[in-house]
Structures are given as structure tokens and as C-alpha cells.
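Listed below, chain by chain, are the residues.
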Amino acid sequence: MFDWSDLRYFLAVARHGSTVAAAKALGVNQSTVHRRIVELERATGYSLVRRQPSGYQLTEFGQALLPAAQELEMAAIAVERQVQAYASQLEGVIRLTCPEPLVSRIVSSRLMELFGERYPGLRIEFVMSDGYLDLAKGEADIALRSGEQADENLVGRKIGDSFWAVYGSKSYVQHHGTLQGVGDIVNHAIIGFDGMLANHRAAKWLAIVASDARVTATNNSVLGVLQAVKSSVGIAPLPTTIGDVHDDLVRLTPPVEELHRGWYLLTHPDIRKTPRIAAFFDFVVDNLDLMRPILMG
């Protein structure tokens, strides 16, 4: 029927008795106040104010409309208060999905302690998965992912780099020798990626460089592949942050350029600016010096 925001100008004139004083109170120019009053009168079909030598006075309709306009103003103020209260509310759970191997590295660092000190009302709940959960469906709030930021429905930022190399156990190398370059992988037993990792870049890379290699085991998680490598049944690409910390493993190649990707912190745009999500993003950005060694070694 009419633009509710025009009631602000009507109320200001009713309170201050002139368009000049109303404009000053609202921080606009006088012509804006006059124009919005005229538009409100046009939309309602009735005059709201009349000009007198002493200033503006409300018409009979203006007097009748005033209480309802004041109630609407109070409701708007209540909404503003609710928004402000929500903005200051830093309580609840943040569901963070990330690859399983990262969880122990994050928990054993100082990050969680520092986060708890800054935001005592917030709690991190890890949703561990080597696959990508659907943030749009609420399967998690925030994702920490390596790879390409291919989902255009998510927002976030790059916070590090992900490096992969080929590893074998010391026992395997003793019995079968080391690699004479990437092209030599085809002459070794390999551990493959299947299940939710069947389309992982490491699986695709192995299919190219070692399509004729003997597959001795497959696994649907990075930790499962790690355990298979440690058991000496074959060799496989692994994140350097995982492979390098195990003394019983040998890095058989430099970081493989084709497997180099970024680490991204992502969320759905509908919740990006909610207090708890914004707080976590701000915290990670403020502590990249602690986060990057977790991601990159």
C-alpha cells in the first residue's frame, strides 16, 4: 500500500513541528522530508499535515494514524535490538568438517586452547570426512578442504597449500628398492584410493602414471592408505604433513606438482556473517602462523 519507511518522515514532522527540524533530526535535507510526506499522502489518499504560521500540524487523519505509526516505530526498534543482541551472541556449536588426519594435528596444537580463551561460549565439533560434505544442506557449518575451490555456492579464502609425495615403508624399500623417478612407480606395488576417494586427484594421478602397476590394496580414507603403506604392502601418494612425521616411512619422490593444491576455509554465504561463523573465520585469519604448519608441515 505504501512504503513503510515514509512513516519515519511523518513521525519526525509530528514530533518536531517542521520539515526543517525533521530533516535535521533524520540527517537528510528538507526537500527529502517534504517529498516523502507528499508520497505518503498520495499512497494513503489523505492529507497528513497542514502548514500553519507556527509550523506543521497534523490533520484529523494524521492524528488518527499517529498511534499506529508510533507502534510500528517501536516494533522496528525492537527488531534492531534483536539484531544487535544476535550480533553480540557468541555461543553455541561450530560444526567443522575436515579430513580425519587433520583433527589430531589441530587438537594437539594451541589453536583450540586459544580459541576457547577468546570465545568461551563457542565450541568446535569436528565432522571428520575425507569426502566433501554438503554445507548447503547443513551437514556442517564450515569446511576445511584441500583442492580446488570448485563449489561456486560457497564463500571463503585460501589459507595454505597442500603438498603430496609418494611414500613407502622402510621395510618395503629394503625389499623392493626406491623409486628411480615417477615413471618407475609402474614397476612397484601400489595402494589405490576407492570409495569416496575414487575421484580424488591422487587416484586420478595414479591412474595416469601407474595404470599398469600391480594394485595390492585399496582404501577409502587417507588414514587407511597410510596404514597400508606402513604395513609394507605397497607405495602410495600421501600428504607430506602425514608422511613426513612417520619415522618408518620413506619419501620416495619430491612433492608431486600435479597434486599440489590449496587449503581453503569455506562456508555457505547464508551463514558467513553470523556471529559464530564470523568469529571462527576471524580467529583462523588472526592465527595463520599456527594454522599453516598444521596444514603444510
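See the structure printed just above.
Because the structure is predicted, anything quoted here is derived from the model rather than measured.

Caption draft 1: Structural detail: helix 8 (residues 201-209). Buried within helix 8 are the following residues: R201, A202, A203, W205 and L206. Against the buried residues of helix 8 lie strand 5 (142-147), strand 6 (155-162), strand 7 (164-169), strand 8 (189-193), strand 10 (236-239) and strand 12 (261-267).

Caption draft 2: Spotlight on the environment of V13. Locating V13 in the fold gives a position in helix 1 (residues 6-16). Between the alpha carbons of V13 and L58 there is a distance of 8.9 Å; along the sequence they are 45 residues apart. In this view, V13 contacts S18, T19, A22, V33, I37, V49 and Y56; residues no more than four positions away in its chain are not counted.

Caption draft 3: The arrangement of the packing of aromatic side chains in detail. Applying the stated criterion across every chain, the model contains five aromatic pairs. An angle of 50° between the planes, with centres 6.3 Å apart, marks the rings of W164 and F193 as tilted. With W164 in strand 7 and F193 in strand 8, this pair connects stretches of sequence that are 29 residues apart. Accessibility classification places W164 together with F193 in one group, the buried group. These aromatic residues form a ring-pair network of at least three members: F115, Y119, F280 and F283. Here the guanidinium or amino end of R145 rests over the ring plane of Y132, the centre of that ring lying 4.3 Å away.

Caption draft 4: Structural detail: the layout of surface pockets. Computed from the structure, the largest pocket encloses a volume of approximately 580 Å³. For the lining of the largest pocket, the secondary structure elements donating two or more residues are strand 3 (92-98), helix 5 (100-107), strand 5, strand 6, helix 8, helix 10 (240-243), strand 12 and helix 12 (288-296). Tallying contributions element by element places strand 5 first for the lining of the largest pocket, with five residues. Taken as a whole, the second largest pocket holds about 350 Å³ of empty space. Surrounding the second largest pocket, 18 residues form its lining, R8, L11, E73, A76 and I77 being those nearest its centre. If you list the elements that add at least two residues to the lining of the second largest pocket, you get helix 1, helix 2 (19-26) and helix 4 (60-87). It is helix 4 that contributes the most residues to the lining of the second largest pocket, eight residues altogether. When its residues are assigned to classes, the lining of the second largest pocket shows 12 nonpolar, two polar and four charged.

Criteria and thresholds
- Residues numbered from 1 in each chain as written.
- Predicted model: local features only at pLDDT ≥ 70, side-chain atom pairs only at ≥ 80, totals over all residues.
- Heavy atoms only, no water.
- Buried < 20%, exposed > 50% of the residue type's maximum accessible area, 1.4 Å probe, protein only.
- Helix = DSSP H or I, 4+ residues; strand = E, 2+ residues; numbered from the N terminus.
- Contact = heavy atoms within 4.5 Å.
- Phe/Tyr/Trp six-rings, centres within 6.5 Å; stacked < 30°, edge-to-face > 60°.
- Lys NZ or Arg CZ within 6 Å of the ring centre and 35° of its normal.
- 1 Å grid on protein atoms, 1.4 Å probe; cavity = no way out; pocket = protein on both sides within 12 Å on 5 of 7 lines; lining within 4 Å.
- Points joined across faces, edges and corners; volume = space filled by probe spheres on them.
- Nonpolar A, V, L, I, M, F, W, Y, C, P; charged D, E, K, R; others polar.

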